[in-house]
Amino acid sequence: MQPLRVEDLEKKPDEFALGGIVHLSFLFGMFIFSGIMLAVCKDKSEYVRFQIAQVLATQVAWLCFLLCYVALFMAVVMFTIFTSAATKSPPLAIAVIIPIHFLVVFGSIFLNLILAIVGMIKGFQGKDWAIPVAGKWVFRKFFQGKRGGAGVSGSGSRPSGT
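Everything quoted here is computed from the prediction, not taken from an experiment.

**Q** Please set out the pattern of salt bridges residue by residue, giving values where relevant.
**A** When charged atoms on two side chains of opposite charge get close, those side chains can pair. Scanning the entire structure with this criterion turns up two salt bridges. Linking lysine 12 and glutamate 10 is a salt bridge whose minimum nitrogen-to-oxygen distance equals 3.9 Å. Looking at lysine 12, the relative accessible area reads 35%, which means it is partly exposed. Overall, glutamate 10 belongs to the partly exposed group, its relative accessible area being 30%. Across the pair aspartate 128 and lysine 11 runs a salt bridge, and its minimum N-O distance is 2.6 Å. Remark: lysine 11 occurs in the segment before helix H1 (16-21) and aspartate 128 occurs in the loop between helix H4 (92-125) and helix H5 (134-143); sequence separation between them is 117 residues.

**Q** Residues and numbers for the environment of serine 108, please.
**A** Position of serine 108 among the secondary structure elements: in helix H4. Taking relative accessible area as the criterion, serine 108 reaches 11% and is therefore assigned buried. Expressed as a C-alpha distance, the spacing of serine 108 and tryptophan 62, which sit 46 residues apart in the sequence, is 8.8 Å.

Thresholds applied
Residues numbered from 1 in each chain as written. Predicted model: local features only at pLDDT ≥ 70, side-chain atom pairs only at ≥ 80, totals over all residues. Heavy atoms only, no water. Salt bridge = Lys/Arg side-chain N within 4 Å of Asp/Glu carboxyl O. Buried < 20%, exposed > 50% of the residue type's maximum accessible area, 1.4 Å probe, protein only. Helix = DSSP H or I, 4+ residues; strand = E, 2+ residues; numbered from the N terminus.

This is the structure:
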């Protein structure tokens, strides 16, 4: 039977710990820890591979968001500094930018902490949990309707020439 939902993924109870441990990369190591887990666990159950893939997808999306945020933040700061220097007035936009910056920074720390804790708890219990946006995308892209090693289904045909 091909997996049509996250609940249909192949699970092995002795691998639940790996499904939980990978969520530690939200707290430290990011891509390094997740990449090592992917390399080590490529032959494990679909459940473990799904947990690793969704964590990596979330980290890539978060990195893209942070890069765009930093570029926008720097552009607004520079624009504010240059316009305030030209008009010889205090940079009032800085008073708005700094609180937004702290919200983004501390919000990302809080979000990573929540994702790590919830992911570890669900992973160690072997429960089916997909990170709200990235997990569902990863499942549809790489796991839904596919069965076999690394999400590729075999054709069942024999090799030619024998």
